[in-house]
Amino acid sequence: MGKKPFAFLRKSVPAPIVIAVSSGIVVCSFIGLSVPMFVAAYSEKVASYEEVVAASMTEETLRVTGHSGSEEAGFRYETLPGILKYDGPRLAQSMPIGTKEAWLSWMRRNRNDNPVFLEERWEWAQNLVITSELGRPEDVRAFLLTPREHFVRAQNKGLEYADTWLPIGYGATITDPDVVSMMTSTLNVNPGDKVLEIGTGSGYQSAILSYLTKDVYTIEIIKPLFIETDAIYKDLEKSFPSYSVINRKLGDGYYGWEEYAPFDKIIVTCSIDHIPPPLLKQLNSGGIMVLPLGPPSRQYIMEIVKSEDEDGSITLSRRDVYNGVSVKFIPFRDEKGSSYSSPSVENTQ
Ligand code: SAH
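These numbers were taken from a predicted model, which means no experiment stands behind them.

Student: Requested: an account of the site of the ligand, with residues and values cited.
Tutor: By nearness alone, 26 residues border the ligand, and Glu197, Ser202, Glu220, Asp252 and Arg333 come closest of all. The separation between a nitrogen atom of the ligand and a polar side-chain atom of Asp252 is 2.8 Å. Between a nitrogen atom of the ligand and a main-chain N or O atom of Arg333, the distance comes to 2.7 Å. Alone, the ligand offers 580 Å² of accessible surface; in the complex the protein occludes 99% of this. Placement of the ligand is best described as lying within the largest pocket. Secondary-structure elements contributing two or more residues to the shell around the ligand are strand E6 (172-174), strand E7 (194-198), helix H9 (204-209) and strand E8 (215-220). When residues of the shell around the ligand are assigned to their parent elements, the largest contribution, three residues, is made by E6. Of the residues contributing to the shell around the ligand, the split by class is twelve nonpolar, ten polar and four charged.

Dropping the structure here:
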């Protein structure tokens, strides 16, 4: 089943308005209605993001690295589970994905999934391949192995495989599967990569990552959400040992996880208008960071590749993975609940 061009745009964003920029033309979608119109050039904004990134690279801002906000606020909670019986990339590799029948039969023999969801998960993953948001076979396998039904919360029963973001309580959301797949593909995770996620939320993104590498770290700032998702992982570990490699921390992800740095890949799942310097510092040379970058009203999913020369100078290359299509994420907040992004005149919601 194919998707209409740009159909995913209307589903990717937790707001009724989606803006797509293509050759200077913007398509505004309002609950399914598309109205083309002309707007000011988007390139100016990219330039201002570049300035923010450049400013982030000064010695002064890099000095904040190492500060742990969570300890200062008086709470620190980490779960570093022992590896039970890791069934990550090797297990994924052995799973046939050539036909639905072969896959279903393998899943029924090898996995503890609720069979009710299997067919739906297969069709859904095929759509992500058709839209090119999932490309590499290892990413397709990771999506096929991850039981989204355990991460979507009870109030959204029936929507486990819907192409939409969903609320998970505490003002947070489980990200739209289109965007999760695009961000995961962009990260290009290889076995052995050390990956850090900022914004554990439902736990779904890190569950996917655990089928790509056994070195997964994730940080969540909302305590009750952290505890809830931690309990989900602990429960699932009995049937899905991969989740035992997901190291969880309650705290402010702006400062990364210095103890386990550097990371080969960093995925930020809350929105911010600059690259947090501590995260950039904790990214390995040659490493990739994927984040929703932009003002509070809308962001662009950016791939940042860091390369560090012998003399210590850092070069960043940036790519807007949706090529001008904006998304809207939950804000990146500090422990007082304030957004790390500067208030913007664009933020009218
Ligand atoms: N990756 C999640 C998406 C969750 S939405 C998933 O797969 O479900 C974004 C999450 O980022 C929210 O849970 C929010 O609480 C969290 N967040 C916001 N600011 C944060 C911060 N400073 N540190 C860590 N997490 C943060």
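Student: Residue-level account of the pattern of salt bridges, with values.
Tutor: Under the criterion given, the structure shown has 14 salt bridges. Across the salt bridge formed by Asp139 and Arg136, the nearest N and O atoms sit 3.0 Å from each other. A single burial state applies to Asp139 and to Arg136, both of which are buried. Ionic pairing is found between Arg319 and Glu303, a salt bridge with its closest N-O pair at 2.9 Å. Pair noted here: Arg319 is in strand E13 (residues 314-320) and Glu303 is in strand E12 (residues 300-308), with a separation of 16 residues, a long-range link. Glu303 sits in the buried class, given a relative accessible area of 13%.

Student: Talk me through the side chain of Glu197; I want residue IDs and the actual numbers.
Tutor: Note on placement: Glu197 falls in strand E7. Side chain to side chain, Glu197 and Ser206 meet in a polar contact 2.8 Å long.

Student: Outline the nonpolar core, supporting the account with residue identities and numerical values.
Tutor: Within the largest apolar cluster, 56 residues are counted, with the highest numbers of intra-cluster contacts made by Phe151, Tyr243 and Ile301. Beyond its immediate stretch of four places on either side in the chain, Ile301 contacts Val179, Met183, Val290, Leu291, Pro292, Arg319, Asp320, Val321, Tyr322, Val327 and Phe329. Counting residues in hydrophobic clusters, the runner-up holds 25 residues, among them Tyr217, Cys270, Leu283 and Phe332.

Student: So what's going on with the packing of aromatic side chains? Residues and values would help.
Tutor: Describing an aromatic ring pair means giving the distance of the ring centres and the angle of the ring planes. Following the criterion strictly, the structure yields 19 aromatic pairs and no others. For the ring pair Phe151 and Tyr243, a centre distance of 6.1 Å and an interplane angle of 80 degrees mean the geometry is edge-to-face. Linking Phe151 in the loop between helix H7 (137-145) and strand E5 (166-169) with Tyr243 in the loop between helix H10 (223-237) and strand E9 (246-250), this pair joins segments that are 92 residues apart in sequence. Look at Phe151 and you get buried, because its relative accessible area is 0%. A relative accessible area of 0% means that Tyr243 is categorised as buried. Where Tyr233 meets Tyr243, the ring centres are 6.1 Å apart and the plane angle is 45 degrees; that geometry is what we call tilted. Of the two residues, Tyr233 is situated in helix H10 and Tyr243 in the loop between H10 and E9; the sequence distance between them amounts to ten residues. Side by side, Tyr233 and Tyr243 carry an identical accessibility label, which is buried. Put simply, the rings of Phe117, Trp124, Phe143, Phe151, Tyr161, Tyr204, Tyr211, Tyr233, Phe240 and Tyr243 touch in pairs and so form one group of aromatic residues. For Arg148, the ring lying beneath its charged end belongs to Tyr204, and the centroid distance is 4.8 Å.

Student: So what's going on with helix H6 (residues 118-130)? Which residues, and what values?
Tutor: Under the 1.5 Å per step criterion, the end-to-end length of H6 is 19 Å for 13 residues, consistent within 8% with the ideal 18 Å. Turning to H6, its buried residues number three or more, namely Leu118, Arg121, Trp122, Trp124, Ala125, Asn127 and Leu128. Looking at the packing, one finds that the buried side of H6 touches helix H5 (100-110), H7, helix H8 (177-187) and H9. Just downstream of H6, Ser132 is the residue with a positive phi angle, here 65 degrees.

Cut-offs applied
Residues numbered from 1 in each chain as written. Predicted model: local features only at pLDDT ≥ 70, side-chain atom pairs only at ≥ 80, totals over all residues. Heavy atoms only, no water. Near = heavy atom within 4 Å. Polar contact = N/O pair within 3.5 Å; in protein donor to acceptor, adjacent residues only side chain to side chain. Areas by Shrake-Rupley, 256 points an atom, 1.4 Å probe, with all protein chains shown as cover. 1 Å grid on protein atoms, 1.4 Å probe; cavity = no way out; pocket = protein on both sides within 12 Å on 5 of 7 lines; lining within 4 Å. Sits in = over half its atoms within 2 Å of the grid points. Helix = DSSP H or I, 4+ residues; strand = E, 2+ residues; numbered from the N terminus. Nonpolar A, V, L, I, M, F, W, Y, C, P; charged D, E, K, R; others polar. Salt bridge = Lys/Arg side-chain N within 4 Å of Asp/Glu carboxyl O. Buried < 20%, exposed > 50% of the residue type's maximum accessible area, 1.4 Å probe, protein only. Core = buried A, V, L, I, M, F, W, Y, C linked by side-chain atoms within 4.5 Å. Contact = heavy atoms within 4.5 Å. Phe/Tyr/Trp six-rings, centres within 6.5 Å; stacked < 30°, edge-to-face > 60°. Lys NZ or Arg CZ within 6 Å of the ring centre and 35° of its normal. Expected span 1.5 Å × (residues − 1).

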